[in-house]
There are 2 protein chains.
Amino acid sequence: MSTDGETARRRPGPRRSLSHDQVVGVALEAIDAGGPEALSIRAVAARLGVNPNAVYTYVASRNALEREVVERVFGETDLDLLTGPPHQWRQRIIGYARSLRAAVLRHPPVATLMMTAPMDGPSAVLIGERLIAALRDGGLPLDAAARGTYALIVQVVGFVALEVAETDARPPLPSEADRVAARRAALEFLDPAQWPLSAATRDVAAAWISTDQFNWSVERLLDGMIRPGQ
Amino acid sequence: MSTDGETARRRPGPRRSLSHDQVVGVALEAIDAGGPEALSIRAVAARLGVNPNAVYTYVASRNALEREVVERVFGETDLDLLTGPPHQWRQRIIGYARSLRAAVLRHPPVATLMMTAPMDGPSAVLIGERLIAALRDGGLPLDAAARGTYALIVQVVGFVALEVAETDARPPLPSEADRVAARRAALEFLDPAQWPLSAATRDVAAAWISTDQFNWSVERLLDGMIRPGQ
DNA sequence: ACCTGAACACCGTTCAAGT
DNA sequence: ACCTGAACACCGTTCAAGT
């Protein structure tokens, strides 16, 4: 708790000390500079110019640090995109989904971290709250809106994680066109005699990680929820 | 190990030596016994009674080992569920999705591994091939079936990964009922004044990781693909 | 409250040498 | 071909001690 300093009390928002935020910020810097393995207690300590164990003053464990980094990246998304006129519920959801994907792609190693820790931070709660509202604007009953919220989160975060998994996760990522081209080349081996359908859809599979496919997946999920077959 | 010279050559299938398969098997055993951190070159070596570097005779790196473990778990799924009469395309897909989820839940740490490596193994190709076929049986054009295949994979694997992320990933996992109950308790803090929609749907959010929600998500995605709004 | 110093029990990976 | 022995450059975390 940061009741010790006065600056912390002035701000009514997050109660974290400045040094705590610095640690998280440095951790994100380390990840952006050195890739997935660069997020370590010792690397953060080195960047701060202190001994490794000094980091434990601000963070409980490596795991806790990872979760704070995730929280930080959620904070880089544009939550305002989720609010707006009810009839635009669809654009709001798609717009925010793209904003979330973009934020993670700026910090590729964070994609994995999002899949390995429960989404229980303040940002996650706020995103959930606004997603439920948007889905209700789309005509979903309350409970279905809550279910749909999670299906959307799974689709969006899962998509980005698998997208990043195709790379070495070292920022900056190659352009989407380059990544699709690399996939296309890697799929050349598909033998039409052995896997006729896969071979015939090589070009589609190469573009599985594209923005186009991302939008398509989210839209299909929305379509399936709006006129539910149950 | 037995007949490391001739048995491997007799079989025309995978060209791997018996010892290679043993290494992967031991890695999976280690994971099942010790959780996510137990999958290490040194732990596998210790289980085999050899020096750490001896493992490199059979596996190129820790990363390669992880991917082989994923391949092994894919092999535990029941691919036959994906084949069947065309009119049952829906049951085939849902049935296989459940089989895949069950296989991963038997080896929880593998869920994360599936999100951190490209799905390019032989099992992944075969699953893709049969998923495309099933979606075609559902009436989708070829390209849409290929797109839908990836959306389904993202939803299924992403769902399981986030489900496991709520636990310590140490098998055996608590029962689903227990895990839902734990989530319900953890969501007690939600303040209706601050997050009215989230607080009102606590019970739904607690069951986000349930089989019911899993089925619902997959079904909604299928609904959205079968009558596409594009 | 926050840091240093030192240590413990681990990692993945490489190299040289044996058989 | 497959292993040992030894080493390098790392990890996360804990404890005791300083200020």
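Residues numbered from 1 in each chain as written. Chains lettered and ligands numbered in written order. Predicted model: local features only at pLDDT ≥ 70, side-chain atom pairs only at ≥ 80, totals over all residues. Heavy atoms only, no water.

Chemist: Even after reading the chapter, I still don't get the packing of helix α5 (residues 89-106) of chain A against helix α12 (residues 211-226) of chain A, so can you show me in this structure?
Modeler: Packed helices, taken two at a time, are described by their axes: the angle between them and the distance between them. Residues and elements named next belong to chain A. The geometry of α5 relative to α12 is characterised by a closest axis approach of 11 Å and an angle of 140° between their N-to-C directions. Overall, the two elements α5 and α12 adopt an arrangement that is oblique. The element α5 and its partner α12 pack so that their crossing is right-handed. On α12, the residues touching Trp-89, Arg-90, Ile-93, Ile-94, Ala-97, Arg-98 and Arg-101 of α5 are Thr-211, Phe-214, Asn-215, Val-218, Glu-219, Leu-222, Asp-223 and Ile-226. (Axes fitted to C-alpha atoms, helices over the stretch in contact; angles between N-to-C directions. Helix = DSSP H or I, 4+ residues; strand = E, 2+ residues; numbered from the N terminus. Parallel < 35°, antiparallel > 145°, perpendicular 65-115°, else oblique. Left-handed = near helix turned anticlockwise from the far one by under 90°. Contact = heavy atoms within 4.5 Å.)

Chemist: Explain the protein's contact with DNA strand C here, please?
Modeler: Lining the immediate surroundings of DNA strand C are 14 residues, of which Asn53(A), Ser40(B), Ile41(B), Arg42(B) and Tyr56(B) lie closest. The sugar-phosphate share of atoms of DNA strand C within 4 Å of the protein amounts to 45%. Contact between DNA strand C and Tyr58(A): a phosphate oxygen at 3.0 Å from a side-chain N or O atom of the residue. Ile41(B) places a polar main-chain atom, nitrogen or oxygen, 2.8 Å from a phosphate oxygen of DNA strand C. Of the residues that constitute the surface near DNA strand C, the class distribution is five nonpolar, six polar and three charged. (Near = heavy atom within 4 Å. Polar contact = N/O pair within 3.5 Å; in protein donor to acceptor, adjacent residues only side chain to side chain. Nonpolar A, V, L, I, M, F, W, Y, C, P; charged D, E, K, R; others polar.)

Chemist: Explain the protein's contact with DNA strand D here, please?
Modeler: Looking at DNA strand D, there are 14 residues lining it, with Ile41(A), Arg42(A), Tyr56(A), Asn51(B) and Asn53(B) nearest. Considering DNA strand D, the proportion of its atoms within 4 Å of the protein that are sugar or phosphate atoms stands at 47%. Between DNA strand D and the protein, one listed contact pairs a phosphate oxygen with a side-chain N or O atom of Tyr56(A) at 2.7 Å. A distance of 2.9 Å is found between a phosphate oxygen of DNA strand D and a backbone nitrogen or oxygen belonging to Arg62(A).

Chemist: Would you take a moment to explain the domain arrangement of chain A for this structure?
Modeler: Where interface size is given, it is often the accessible area lost as the parts come together that is meant. Residue and element names in this part refer to chain A. Examined at the domain level, chain A breaks down into domain 1 (17-60) and domain 2 (72-169 + 177-225). A C-alpha centroid distance of 29 Å is found between domain 1 and domain 2. Taken together, the contacts link nine residues of domain 1 with 10 residues of domain 2. Across the domain 1/domain 2 interface, buried area totals approximately 640 Å², and carbon plus sulfur atoms make up 71% of it. Looking only at domain 1, the three residues that lose the most surface to domain 2 are Leu-28, Ile-31 and Pro-36, adding up to 56% of its buried area. There are zero salt bridges connecting domain 1 and domain 2. (Domains from an automatic or database assignment. Buried area = accessible area lost by both parts, 1.4 Å probe. Salt bridge = Lys/Arg side-chain N within 4 Å of Asp/Glu carboxyl O.)

Chemist: Just checking my understanding: could you explain unusual backbone geometry for this structure?
Modeler: Most peptide bonds take the trans configuration, and most residues that are not glycine carry a negative phi. Residues and elements named next belong to chain A. Cis geometry is adopted by the peptide bond preceding Pro-172, which originates at Pro-171 and carries an omega value of -5°. Mapped onto the secondary structure, Pro-172 falls in the loop between α8 (142-165) and α9 (176-186). Even without a glycine there, the phi angle at Ala-169 is positive, about 65°. The residue Ala-169 is located in the loop between α8 and α9 in this model.

Chemist: Explain the interface of chain B and chain A to me, please; I cannot follow it from the model alone.
Modeler: Facing the 54 residues of chain B at the interface are 55 residues of chain A. Of the roughly 5,000 Å² buried between chain B and chain A, counting both surfaces, carbon and sulfur atoms make up 67%. Asp212(B) serves as the salt-bridge partner of Arg147(A), at 2.6 Å between the closest nitrogen and oxygen. Seen at the junction of chain B and chain A, the total is 12 residue pairs in polar contact (both at pLDDT 80 or more). Top contributing element to the side of chain B that touches chain A by residue count: helix α8 (residues 142-165) of chain B, with 17 residues. Of the residues in the side of chain B that touches chain A, the class split is 31 nonpolar, 14 polar and nine charged.

Chemist: Whenever I open this one, the nonpolar core confuses me. Can you help?
Modeler: A general feature of soluble globular proteins is that nonpolar side chains tend to end up buried together. Among the nonpolar cores identified, the biggest contains 146 residues, and Leu65(A) and Leu65(B) are the most heavily contacted of them. Among residues more than four places away in sequence, those in contact with Leu65(B) are Val23(B), Val24(B), Ala27(B), Leu39(B), Ile41(B), Val44(B) and Val59(B). (Core = buried A, V, L, I, M, F, W, Y, C linked by side-chain atoms within 4.5 Å. Buried < 20%, exposed > 50% of the residue type's maximum accessible area, 1.4 Å probe, protein only.)

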